[in-house]
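Each chain is listed here by its residues.
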Amino acid sequence: MKGFTQMRLGAVASIPMLVGGLPFGILFGSLASANDLSIWFAVAMSSIVFAGSAQFVAIGLISIGAPIWVIVSTTFIVNLRHLLYAADLVKFVKHLPFGLRLFMGFGLIDETYAAVRPLYQSGQINEQTGHFAYIGSFVSFYLMWNGATLLGFMSGELIPGMSEWGLEFAMVATFIGIITPYLKKRPFVLAMLASAVASLVLNGLPNNLGLLLSALIGVLVGFFADTLVAQKLNVSKKGEV
């Protein structure tokens, strides 16, 4: 019962982002329909890939006939941020069986990280119970995302032009809600500014390469800024000793 209680805690903590992600999933399904992709293709992407932003990037590149290497490399760079999430969470899950960690790795998305990480920080969950809350959040998003994809695809066939309703704002609002709490430290702010400026400057590159490069620039700036801050802290501690 304790595991079920923790799963429910993770699901409840995810509700605000589930609401924000629902139109995002509907939009993806409608875009797949608008680009003459099959319902099986849309469902396969949502159930096997299960990466919202990467799916949107991929479907955009597919629609313009981009080379496969551009699609793969762009989605890879877009998803690099998940390595940072994993590096932060590993201390809480490193004792778990490999198969369970592999399952949790598949479910590591922005929203689940944003919902579960504060629960660790507040002490509501710990290394022994946290994976239940994580799974509760992950399963909630997985069911919502796949259901919304189906709903969006069917709605897109019934309601022409649905993909032009501006539902993509839900994605923007969700990501703003995710990153805002982290913009309290200089490396995060610098990473955001660097990627934002780069995306504007590189917007004209073919095959959406500007998105790939902007994401990479943001990650690199954040990494080096964080490294520099850590080095300064180490130097100041040594000076005190």
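Conventions and cut-offs
- Residues numbered from 1 in each chain as written.
- Predicted model: local features only at pLDDT ≥ 70, side-chain atom pairs only at ≥ 80, totals over all residues.
- Heavy atoms only, no water.
- Core = buried A, V, L, I, M, F, W, Y, C linked by side-chain atoms within 4.5 Å.
- Buried < 20%, exposed > 50% of the residue type's maximum accessible area, 1.4 Å probe, protein only.
- Contact = heavy atoms within 4.5 Å.
- Axes fitted to C-alpha atoms, helices over the stretch in contact; angles between N-to-C directions.
- Helix = DSSP H or I, 4+ residues; strand = E, 2+ residues; numbered from the N terminus.
- Parallel < 35°, antiparallel > 145°, perpendicular 65-115°, else oblique.
- Left-handed = near helix turned anticlockwise from the far one by under 90°.
- Nonpolar A, V, L, I, M, F, W, Y, C, P; charged D, E, K, R; others polar.
- Polar contact = N/O pair within 3.5 Å; in protein donor to acceptor, adjacent residues only side chain to side chain.
- pLDDT = per-residue confidence, 0-100.
- Salt bridge = Lys/Arg side-chain N within 4 Å of Asp/Glu carboxyl O.
- Patch = residues over 30% accessible without salt bridge, like charges linked within 9 Å, V, L, I, M, F, W, Y side chains within 5 Å.
- Areas by Shrake-Rupley, 256 points an atom, 1.4 Å probe, with all protein chains shown as cover.
- Phe/Tyr/Trp six-rings, centres within 6.5 Å; stacked < 30°, edge-to-face > 60°.
- Expected span 1.5 Å × (residues − 1).

(A) Examining the nonpolar core more closely. If you look at the biggest cluster of nonpolar residues, it comprises 44 residues, and the most contacted ones within it are Phe-28, Phe-56, Leu-89, Tyr-120, Tyr-134 and Phe-141. Not counting the four nearest positions on each side in its chain, Tyr-120 is found in contact with Leu-89, Phe-92, Val-93, Ile-125, Asn-126, Glu-127, Gly-130 and His-131.

(B) Looking closely at the packing of helix 4 (residues 52-63) against helix 5 (residues 68-78). Two numbers describe how helix 4 lies on helix 5: the axes approach to 9 Å, and their chain directions differ by 160 degrees. For the element pair helix 4 / helix 5, the angle class is roughly antiparallel. As helix 4 packs across helix 5, the resulting crossing turns out to be right-handed. Across the interface between the two elements, Ser-53, Ala-54, Val-57, Ala-58, Leu-61 and Ile-62 of helix 4 pack against Val-70, Ile-71, Thr-74, Thr-75 and Val-78 of helix 5. Its residues placed into classes, the contact of helix 4 with helix 5 shows eight nonpolar, three polar and no charged.

(C) Representation of unusual backbone geometry. At Phe-50, a residue that is not glycine, the phi angle is positive and equals roughly 50 degrees. Take Phe-50: it is sitting in the loop between helix 3 (39-49) and helix 4. Phe-50 gets classed as buried once you look at its relative accessible area, which sits at 4%.

(D) Looking closely at the side chain of Asp-110. Tracing the chain through its elements places Asp-110 in helix 8 (residues 110-122). Polar contacts involving the side chain of Asp-110 include one to the side chain of Tyr-85, which spans 2.6 Å.

(E) Quick peek at the confidence of the model for the protein chain. In this model, the protein chain carries an average pLDDT of 81, and 83% of its residues clear a pLDDT of 70 or more. Of all the helices and strands in the protein chain, helix 10 (residues 169-179) carries the lowest mean pLDDT, 64, while helix 7 (residues 98-106) carries the highest, 92.

(F) Representation of the pattern of salt bridges within the structure. The full count for this structure, using the stated rule, is two salt bridges. With its nearest N and O atoms 3.0 Å apart, the salt bridge here joins Lys-91 to Asp-88. Here Lys-91 and its partner Asp-88 are both found in helix 6 (residues 81-93), three residues apart, which amounts to about one turn of the helix. As a salt-bridge pair, Asp-88 and Arg-117 come within 2.6 Å of each other at their nearest N and O atoms. Taken as a pair, Asp-88 in helix 6 and Arg-117 in helix 8 lie far apart in primary sequence, 29 residues in all. By relative accessible area, which is 15% here, Arg-117 ends up buried.

(G) Molecular detail of a nonpolar patch on the surface. On the surface, Val-12, Ile-15 and Val-19 cluster together to form a nonpolar patch covering roughly 270 Å² of accessible area. By the element assignment, Ile-15 lies in helix 2 (residues 15-34).

(H) Quick look at the environment of Pro-23. Relative to the assigned elements, Pro-23 resides in helix 2. Residues Pro-23 and Thr-149, 126 residues apart in the sequence, show an inter-C-alpha distance of 9.4 Å.

(I) Representation of the packing of aromatic side chains within the structure. In the structure shown here, the tally under the stated rule is 13 aromatic pairs. With 6.2 Å between their ring centres and 25 degrees between their planes, Phe-28 and Trp-145 make a pair best called stacked. Of the two residues, Phe-28 is situated in helix 2 and Trp-145 in helix 9 (residues 130-158); the sequence distance between them amounts to 117 residues. Comparing Phe-28 with Trp-145, the two get one shared label, buried. Taking the centre distance of 5.9 Å and the plane angle of 45 degrees together, the rings of Phe-50 and Phe-138 count as tilted. One end of the pair, Phe-50, is in the loop between helix 3 and helix 4; the other, Phe-138, is in helix 9, with 88 residues separating them in the sequence.

(J) Broad picture of helix 4. An ideal rise of 1.5 Å per residue puts 16 Å on 12 residues; helix 4 measures up with 17 Å between its terminal C-alpha atoms. Restricting attention to buried positions, one finds in helix 4 the residues Gly-52, Ser-53, Ala-54, Gln-55, Phe-56, Val-57, Ala-58, Ile-59 and Leu-61.

(K) A look at helix 8. Spanning 13 residues, helix 8 covers 19 Å between terminal C-alpha atoms, matching the ideal 18 Å at 1.5 Å per step. Most of helix 8 sits out of view: 10 of its 13 residues are buried. Listed as buried for helix 8 are Asp-110, Glu-111, Thr-112, Tyr-113, Ala-114, Ala-115, Val-116, Arg-117, Leu-119 and Tyr-120. Just past helix 8, the residue Gly-123 takes up positive phi, approximately 85 degrees.

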